[in-house]
Amino acid sequence: MHVSKPPGPSTAPFDPRTGSFLERLIFGNRPVLIVFCAVVTLFLAFSVRNLQLNASFESVIPTHHPFIVNYNNNSDNLKGSGNTLSIVVEANQGSILNKGYINTLQHINDEVFLLPGVDRAFMESLWTPGVRWNAITSVGLSSGPVMPMTYDGSAQSIGQLAQNIQRSGQIGTLVAPNFRSSVIRVPLLDIDSNTGKPLNYGQLAGMLDKIRTKYDAQGVTLHITGFAMIQGDLIKGMHEILSFFAISVVIATAMVFWYTRCVRSTALVVSCSLLAVLWQLGILPLFGYGLDPYSVLVPFLVFAIGMSHGAQKMNGVMQDIGRGSSRLVAARMTFRRLFIAGFTALVCDAVGFAVLLTVRIQAIHELAIVASLGVAILIFTNLIFLPTLLSYVGVTPKAAVRSLAAETSDVKHGFWAALDLFTQRRYAAGAIIGALCLGILGAFLGRNVQVGDLGPGAPELRADSVYNQDNAYFVSHYAASSDVFVVMVKTPSYSCAKYSYLEQIDELETKLNDLPGVISTLSFVDSSRNLAAAFNEGSFLWQDLTPNQASLNEGVVQVSRTLIDPNCDFLTLSIYLKDHRAATLTGVVNTVQNFAAVHNGHGLTFEMAAGNAGIEAATNLVVSKASRLMLIEVYTAVILLSLITFRSWRAVITAILPLILTSVLAEVLMVWLGIGVKVATLPVTALGVGIGVDYSLYILSVTLANMRAGMNLSEAYYRALLFTGKVVMLTGFTLSAAVATWAFSPIKFQADMGELLAFMFLWNMLGALILLPALAHFLLPARLFVAKANSAEAIANKLEIAGGGQ
């Protein structure tokens, strides 16, 4: 198969006055531009030292959601129902009822008490005075702290402690039923009271790890669960993931060099992409932003996107130099041909990030801002500054000649010729039918994608992580699991013990305990039951909710302040769950909502939700609503930008349909890998669309330009493959390889993001190379361009005649 050779370079001298105003401004002031970039780089490199890595409890929750609004409005009565640590102190030998264990527990309790961010007034353990026992004795109703005031380590005082534990109702909550461990429950404030700044979870987790290590050598084992430890492990993983950034740089550099065999141009592309990352990281602290576990991967993406666009510019300069142009002319012509396509592609990338601002969760907001900032910087560093540098440095002559090897050959390159087959009706129809079948199958399988976490423990971390092992121990040894959903119950003042109100709470508890994901429930009703039995010689026959109002009123005095408030108009119903999987939370939310719809009124109100599981449920609801809306928004924006670029609805459909297929198949992958839609994975779908359209924009823009020059679709597409398609494949594999390294991250959700993005990058590349020409065969027939060309020629002839032939 033969192909005509491309025309050689024009013999006419290049007129520097041609081109757009922006082109003349840039290349007419190259020294000024370079000096400006050098100064900015030095300043921002100095600023990077102020960049902080941290996490925030409030940043990952939807503060506007009614559940969270209810939680914040009642926060004074909900100490310990939100951001709480549970520290299980396990005796390595024997039970907890021995002097050595109790003394060790006291030392741990005291050290934890002094940690930054601890809400000390509501901390609970066997050593805190707020943990009390109640009993009916020969002298009447008695009460006191579980730890005897006269405790001295003697056998008698340990026996008294054992009796107090039995009477406290804390077995299964603060003390394991087998008496091999006990819990220190530590509510946290999101602000460090010592500094007035946001609590540093990385520092707090490090302090807890030191306490763990210290006391592991003293006959106990510590198991620590809670948001703070999760975030601490994530922050620790953030430091480790920096090594993956280095690996990504090496992979990208190696692949670009393999393609160019040119050290100088490869170094420039890599340097400009790294420069964008440096500027991004330097600007963040200037605006009060840092990096958290959710946004730490954004610099990776910025680098990878920069490599993609930088390689396109380098390839254009390389080919023009191969045709005989000077470095400056080659740089200007490449800028002229590819700036609009590159600019549109980067704006689409930015839109993919910016639509995340519609998700009203602070962590996603910050990710969107950080990423959009990085993409904006790429417009300067890789679309403007890189061509400027290439106008000085250029490429090696061998690399320039090699870049035109396929284009100057009399025979079509086998691989590119195979791709060119998809411009023919037979192969185009086959590709479209195959894509349609994949889309239908994907839509059917993808409907099973779920919102929220799909596994026990902390899905942000690996299943074999220390945290998840600690969580598994806690769940298997305590009735009060680490996943707590709290329902808030409001009554008129001083009416929380009213029998008719408690009866309805009891009914709700019964319904909740019938759910498969519920371990147990705890409320003032349970305390009243225990008190009724105590008033009747401890008989379990009396352990029920009694309609005796005087007895119920007496219980208000004895019950823990975590169950009712001092005004007796607020109660909590804690629901201990086996896990916080999406299905478990949905079952609880639906049960409470249905119950509240019937029973709210006459002074009684059931509101959701507090507790870590309640907050997780609110987050799931926000993510579920935002996921589809976000896709609609990103596709709408990409379609509008593509329409502005191509000014053809046919071209827009050709570019967008491959993206839609990739989005559908990505949901199938999520179902197959057991990945739910949540805060960590929600941005991936938007990024896959915003970044994925880059391939179509570069290939289609060159193909359309060739068709407007008079080529048929086959020749135009083949020329586009030779000019930009090679780099599309290069960047597709480079992007995929770079993000695929995340699969080895110690942070599970980062591994999930890497797998999903690698899949979407590859499928978007295949769509641009296979499905795009197939769609173009039917949607972009050559006759349209012939008609436009004839129309333009007729207009030109009329103008020439009107001008007297001049």
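Since the model is a prediction, treat every value here as computed from it, not as a measurement. (Residues numbered from 1 in each chain as written. Predicted model: local features only at pLDDT ≥ 70, side-chain atom pairs only at ≥ 80, totals over all residues. Heavy atoms only, no water.)

Engineer: Pulling in residues and values, what's your account of the sheet that holds strand β6 (residues 483-490)?
Structural biologist: Sheet strands pair by backbone hydrogen bonding; their relative direction is either parallel or antiparallel. Strand order in this open sheet of four strands is β7-β8-β6-β9, and the pairing throughout is antiparallel. The sheet is open, and its two edges are formed by β7 (518-522) and β9 (605-610), each paired on a single side. Neighbour to neighbour, the strand axes of the sheet diverge by 25° on average, direction disregarded. Alignment of β6 against strand β8 (residues 570-577), held across eight bridges, turns out to be antiparallel. Across the sheet, the residue bridging to Val487 is Leu573, located in β8. On the sheet, helix α3 (residues 66-73) packs against β6 and β9 and is oriented at approximately 95° with respect to β9. Seen against the sheet, helix α16 (residues 499-513) touches β6, β7, β8 and β9 and runs at an angle of roughly 170° to β7. (Pairing = 2+ DSSP bridges. Helix = DSSP H or I, 4+ residues; strand = E, 2+ residues; numbered from the N terminus. Axes fitted to C-alpha atoms, helices over the stretch in contact; angles between N-to-C directions. Contact = heavy atoms within 4.5 Å.)

Engineer: With reference to specific residues and values, describe helix α20 (residues 611-646).
Structural biologist: Taking 1.5 Å of rise per residue, 36 residues should cover 52 Å, and α20 covers 51 Å from first to last C-alpha, within 8% of that figure. The largest bend along α20 reaches roughly 30° and is located at Ala626. Of the residues one or two after α20, Arg647 is the one with positive phi, at around 55°. (Expected span 1.5 Å × (residues − 1). Bend = angle between axes of the 7 residues up to and from the residue.)

Engineer: Requested: an account of the sheet that holds strand β1 (residues 84-91), with residues and values cited.
Structural biologist: Taken in spatial order, the three strands of this open sheet run β4-β1-β5, and their pairing is antiparallel. The open sheet has two free edges, formed respectively by β4 (181-187) and β5 (220-225), since each of these has just one partner strand. The sheet shows a mean angle of 20° between the axes of neighbouring strands, taken without regard to direction. Relative to β4, β1 runs antiparallel, the two sharing seven bridges. When the bridges of β4 are listed, Glu90 appears paired with Ser181. Against the sheet, helix α15 (residues 466-477) contacts β1, β4 and β5, and its axis sits at roughly 100° relative to β5.

Engineer: Can you tell me about the packing of aromatic side chains, naming the residues and giving the values?
Structural biologist: By the definition in use, this model includes ten aromatic pairs. Relative to Phe335, the ring of Phe27 has its centre 5.8 Å away and its plane inclined at 80°; by these criteria the two rings are edge-to-face. Residue Phe27 is located in helix α1 (residues 21-27), and its partner Phe335 is located in helix α10 (residues 327-354); the two are separated by 308 residues in the primary sequence. Judged on exposure class, the residue Phe27 and its partner Phe335 are both buried. Aromatic ring contacts, followed pair by pair, group Phe27, Phe335, Phe339 and Phe343 into a single cluster. Across from the ring centre of Tyr392, 4.2 Å away, lies the NZ or CZ of Arg30, which sits over that ring. The residue whose ring lies beneath Arg120 is Phe113, and the NZ or CZ to ring-centre distance is 5.7 Å. (Phe/Tyr/Trp six-rings, centres within 6.5 Å; stacked < 30°, edge-to-face > 60°. Buried < 20%, exposed > 50% of the residue type's maximum accessible area, 1.4 Å probe, protein only. Lys NZ or Arg CZ within 6 Å of the ring centre and 35° of its normal.)

Engineer: Requested: an account of helix α19 (residues 582-599), with residues and values cited.
Structural biologist: In a regular helix each residue adds 1.5 Å, so 18 residues correspond to 26 Å; α19 covers 26 Å between its end C-alpha atoms and thus fits that length. Listed in full, the buried residues belonging to α19 are Ala582, Thr584, Leu585, Val588, Val589, Thr591, Val592, Phe595, Ala596 and His599. Directly after α19, the chain includes Gly601, whose backbone phi takes a positive value near 140°.

Engineer: Report on a nonpolar patch on the surface, specifying residues and quantitative values.
Structural biologist: A surface patch of nonpolar side chains, about 280 Å² in accessible area, is lined by Phe21, Leu22 and Leu25. Position of Leu25 among the secondary structure elements: in helix α1. Accessibility expressed as a relative area gives 42% for Leu25, which makes it partly exposed. (Patch = residues over 30% accessible without salt bridge, like charges linked within 9 Å, V, L, I, M, F, W, Y side chains within 5 Å. Areas by Shrake-Rupley, 256 points an atom, 1.4 Å probe, with all protein chains shown as cover. Salt bridge = Lys/Arg side-chain N within 4 Å of Asp/Glu carboxyl O.)

Engineer: Residues and numbers for the pairing of β5, please.
Structural biologist: A regular strand places its side chains so that they alternate between the two faces of the sheet. For β5, the tally of buried residues reaches five of six residues, placing the bulk of the element in the interior. Pairing analysis gives six bridges linking β1 to β5, with the strands arranged antiparallel. Each residue of the ladder has a partner; that of Ser86, found in β5, is Thr225.

Engineer: Tell me about the state of the cysteines, residues and numbers included.
Structural biologist: Taken as a whole, this structure holds one disulfide when the rule is applied. Across the disulfide, Cys496 is cross-linked to Cys568 (sulfur-sulfur distance 1.9 Å). Judged by the sign of its S-S torsion, about -90°, the bond between Cys496 and Cys568 is left-handed. Taken together, the positions of Cys496 in the loop between β6 and α16 and Cys568 in the loop between α18 (549-558) and β8 put the pair 72 residues apart, joining distant regions of the chain. Cysteine Cys272 shares no disulfide, and the gap to the nearest cysteine sulfur, in Cys37, comes to 8.3 Å. The class for Cys272 is buried, based on a relative accessible area of 2%. (Disulfide = S-S within 2.5 Å.)

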